[in-house]
Amino acid sequence: MGLKKMAFAGSWYPGSADQCRSALERFNDDLRAEADTKTLNNPVAGIVPHAGWIYSGKLACRVFAALAHGRRAVESIVLFGVHMHADSPSFVLDCTAVDTPLGAIEIDKAFTDRLVKQAAAASVDLKQLTPARFLEENTLELQYPFIKYFFPKARIVVCAVPPSDAAQALGIIVVEVAQELDRSVAVVGSTDMTHYGPRFGFEPAGSGKAAFDWVAKENDAAAINALTAMDEKQIIHQGLSRHNMCCAGAACAAVAAAKKMGAVKGVCLDYASSFDPLEPSSDFVGYCGMIFGA
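Residues numbered from 1 in each chain as written. Predicted model: local features only at pLDDT ≥ 70, side-chain atom pairs only at ≥ 80, totals over all residues. Heavy atoms only, no water.

Colleague: Is there a simple way to think about the nonpolar core in this case?
Modeller: Inside soluble globular proteins, nonpolar side chains tend to come together where they are buried. Ranked by size, the top nonpolar core spans 50 residues in total, and within it Phe-80, Phe-111, Leu-115, Leu-227 and Phe-292 carry the most contacts. A per-element tally of this core places helix H9 (residues 248–260) first, with nine residues. Sequence-distant contacts of Leu-115, that is, excluding residues within four places in its chain, are made with Leu-126, Val-157, Cys-159, Leu-170, Ile-173, Val-174 and Val-177. Membership of the second largest hydrophobic core comes to 46 residues, among which are Ile-105, Leu-140, Ala-154 and Val-188. (Core = buried A, V, L, I, M, F, W, Y, C linked by side-chain atoms within 4.5 Å. Buried < 20%, exposed > 50% of the residue type's maximum accessible area, 1.4 Å probe, protein only. Helix = DSSP H or I, 4+ residues; strand = E, 2+ residues; numbered from the N terminus. Contact = heavy atoms within 4.5 Å.)

Colleague: Can you walk me through helix H6 (residues 165–180) in this structure?
Modeller: Since the α-helix turns once every 3.6 residues, residues separated by three or four places project in the same direction. Over its 16 residues, H6 runs 23 Å from end to end, which matches the ideal 22 Å to within 8%, given 1.5 Å per residue. Of the positions making up H6, those classed as buried are Ala-166, Ala-167, Leu-170, Gly-171, Ile-173, Val-174, Val-175, Val-177 and Ala-178. Contacts made by the buried residues of H6 are with strand S3 (76–81), strand S4 (90–93), helix H3 (109–121), strand S7 (126–129), strand S9 (185–190) and H9. Phi for Asp-182, located one or two positions after H6, is positive at around 55°. (Expected span 1.5 Å × (residues − 1).)

Colleague: Hey, could you run me through the packing of helix H8 (residues 232–241) against H9 in this one?
Modeller: Each pair of packed helices gets described by two things: the angle between the helix axes and the distance between those axes. With their axes 9 Å apart at the nearest point, H8 and H9 run at an angle of 170° to one another. Put simply, H8 runs roughly antiparallel to H9. The segment H8 lies against H9, with Glu-232, Ile-235, Ile-236 and Gly-239 engaging Ala-248, Gly-249, Ala-251, Cys-252, Val-255, Ala-256 and Lys-259. Of the residues in the contact of H8 with H9, the class split is seven nonpolar, two polar and two charged. (Axes fitted to C-alpha atoms, helices over the stretch in contact; angles between N-to-C directions. Parallel < 35°, antiparallel > 145°, perpendicular 65-115°, else oblique. Nonpolar A, V, L, I, M, F, W, Y, C, P; charged D, E, K, R; others polar.)

Colleague: Could you clarify how one ought to interpret the pairing of S3 in this entry?
Modeller: In regular strands, side chains alternate between the two faces of the sheet. Of all six residues making up S3, six are buried, and the element is well covered by its neighbours. Judged by which residues are buried, S3 turns out to be covered on both faces: Ser-76, Val-78 and Phe-80 on one side and Ile-77, Leu-79 and Gly-81 on the other are all buried. Pairing analysis gives six bridges linking S3 to strand S8 (residues 155–160), with the strands arranged parallel. By the bridge assignment, Phe-80 is partnered in S8 with Cys-159. In this structure, S3 lies alongside S9, joined through five bridges in parallel fashion. Across the sheet, residue Leu-79 finds its bridge partner in S9, namely Val-188. (Pairing = 2+ DSSP bridges.)

Take a look at the structure:
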């Protein structure tokens, strides 16, 4: 079935092993230097951004580091992502491995096959796609080096999830499959927050600093509140009605899985934006990093 090759290495994130490892270590060093009191006991799932690493790499790194810290060996990472419409079907990557500058990550084929069967039994439309048919998606690929770095022995399950009822169902089914296969898993949902400005056709609060304040303090804050409360219905509603999560389905699936694994709350580890107050642009994007646990 082959290898899913890299499409964004060298542009959205470093393309060589040395450069990639150096960036990850630099993110880690920065995080260790910060006094971080935001934590949860035994986090089982997270939400990560997927912009170029220059904008949001440290936020994603913080989430993966939290998921890896102090846990028993994670055998498989379930990664939800992809920009989709509410009426889109769900997809799962069907191949041997995904490539990263740090080496390939094996696909958990037994998990993937069982997931497709369980989804069909639950009347959830989940299609298996080969690398040639699976979209080139920054929502997914930008997470692979983090997974390889923090979970070097783990396998991966890669799902595209629409912002619909299928998202919650798939999140639950993923955990049921993990339990049936006796897999130790961590679940990650990939989404950015509000995409603001004329480039994105969304500018209800004007421009400049006033627009950034509205995005950060109102629009993205509403999405983060829904994530923190682990409210699956509200997550989907927020993403579709307020355009504050570009992959609300992925976020919803991750939250549903976290709840099934016993998580009771979410914590926002960090929030950032591509808005630069020194050189304001009319177009910018918000990002957050979340973990879910006890």
